[in-house]
Amino acid sequence: MNERLAVLPQFLLPKQALTAFAGVVAQWRGGAMTTTIIRWFVGRYGVDMAEAANSNLESYATFNDFFTRALAPGVRPLAPAALVCPVDGAISQLGAITGERILQAKGHDYTATALVGGDAALAARFRDGHFATLYLSPKDYHRIHMPCAGRLQRMIHVPGALFSVNPTTARGVPGLFARNERVVCVFEAADGTPFVLVLVGATIVGSMATVWHGVVNPPRPGRQREWDYADQDIRLRRGEEIGRFLLGSTVVLLFPRGPGAPLRFNPAWAPGGAVRMGQAMADRV
């Protein structure tokens, strides 16, 4: 009940308008004022600029340039695992998909069909499979990378709400990750196994972008959009950048049960734990 009360103001806030305003501010070339905002943000959230490829705050023309900053070479080595973590952040939940139900938080779950925008055939490929939900806080590195090598098949932009995606909201808003705006990226791994990586939008997430498309949103036309890449040969290597959040959010990954060895997540992983891009996420047993 406490979580429900804590998130009640979010139902009343003009989230779309706030997000549009934040997007304008984040793209503003404000010179010294932009640098002041960036310095405040670094101090407020404890951003580790020593890991950035460019640690000079004055060199960032916009807040988005700073927020989507690249990492210095070598600071995120790739672990020798079948699947590596695609982002810096924290584990919201992970584990088995029960039928097609995915755990959001205690007392809340949602369906894979709802998550991917209503495509029951796509969702069925992950029935009784595995999932991981990873939350990116404001201080985190905000580019998203491939958990394994794969070929892009489809991308679906699903319109939706723009609730916050922090842990309190996850406990207080039913169906949060299948309710918010999201970009669903469907891949086929080198062995033919499908997997899905979903970028979930949130309040003041000005936009989401992928390396093959560019900025996906805006526009926000209020209807579902889809791009089919099956006839193109778009391949990305393990650890290669997929895209980025222009102001942060959450990633949800879906993996199938598979006919062979089951998936085993890193035993050190547990809800609430911090993770880094490139560390071991899972292996086949």
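Residues numbered from 1 in each chain as written. Predicted model: local features only at pLDDT ≥ 70, side-chain atom pairs only at ≥ 80, totals over all residues. Heavy atoms only, no water.

(A) Molecular detail of the overall build of the protein. Within the protein, the regular secondary structure consists of seven helices and 18 strands. Across the 285 residues of the protein, 53% fall into the buried class. When contacts within the protein are restricted to residue pairs at least 6 apart in sequence, long-range pairs at least 24 apart make up 75% of them. (Helix = DSSP H or I, 4+ residues; strand = E, 2+ residues; numbered from the N terminus. Buried < 20%, exposed > 50% of the residue type's maximum accessible area, 1.4 Å probe, protein only. Contact = heavy atoms within 4.5 Å.)

(B) Expanded view of the sheet that holds strand β6 (residues 143–145). Strand order across the open sheet formed by four strands is β6-β14-β10-β11, with antiparallel pairing between neighbours. If you trace the sheet from one side to the other, it starts and ends with β6 and β11 (214–217), each paired once. For this sheet the average axis-to-axis angle between neighbouring strands, irrespective of direction, equals 25 degrees. Bridge count for strand β10 (residues 207–210) against strand β14 (residues 241–246) is four bridges, and the pairing is antiparallel. Within β14, the position partnered with Met208 by the bridge is Phe245. (Pairing = 2+ DSSP bridges. Axes fitted to C-alpha atoms, helices over the stretch in contact; angles between N-to-C directions.)

(C) Seen up close, the sheet that holds strand β18 (residues 280–284). Strands sit in the order β1-β18-β16 across an open sheet of three strands; the sheet is antiparallel. Of all the strands in the sheet, just β1 (83–84) and β16 (263–265) have a single pairing partner and so form its edges. With two bridges connecting them, β1 and β18 associate as antiparallel partners. For Leu83, the partnering residue across the bridge sits in β18 and is Ala282.

(D) Looking closely at the pattern of salt bridges. For the structure on display, the rule yields 13 salt bridges. Between Glu51 and Arg276 there is a salt bridge whose closest N-O contact spans 2.9 Å. Residue Glu51 is located in the loop between α3 (32–45) and α4 (63–67), and its partner Arg276 is located in the loop between β17 (274–275) and β18; the two are separated by 225 residues in the primary sequence. We note a salt bridge from Asp140 to Lys139, for which the minimum N-O separation is 3.6 Å. A relative accessible area of 9% places Asp140 in the buried class. Exposure remark for Lys139: the relative accessible area of 42% places this residue in the partly exposed category. Residues joined in a network through salt bridges with shared partners are Glu51, Arg76, Asp88 and Arg276. (Salt bridge = Lys/Arg side-chain N within 4 Å of Asp/Glu carboxyl O.)

(E) Fine view of a nonpolar patch on the surface. Together, Trp28, Met33 and Ile37 make up a nonpolar patch on the protein surface, roughly 280 Å² of accessible area in all. Of note, Ile37 is situated in helix α3. Taking relative accessible area as the criterion, Ile37 reaches 31% and is therefore assigned partly exposed. (Patch = residues over 30% accessible without salt bridge, like charges linked within 9 Å, V, L, I, M, F, W, Y side chains within 5 Å. Areas by Shrake-Rupley, 256 points an atom, 1.4 Å probe, with all protein chains shown as cover.)

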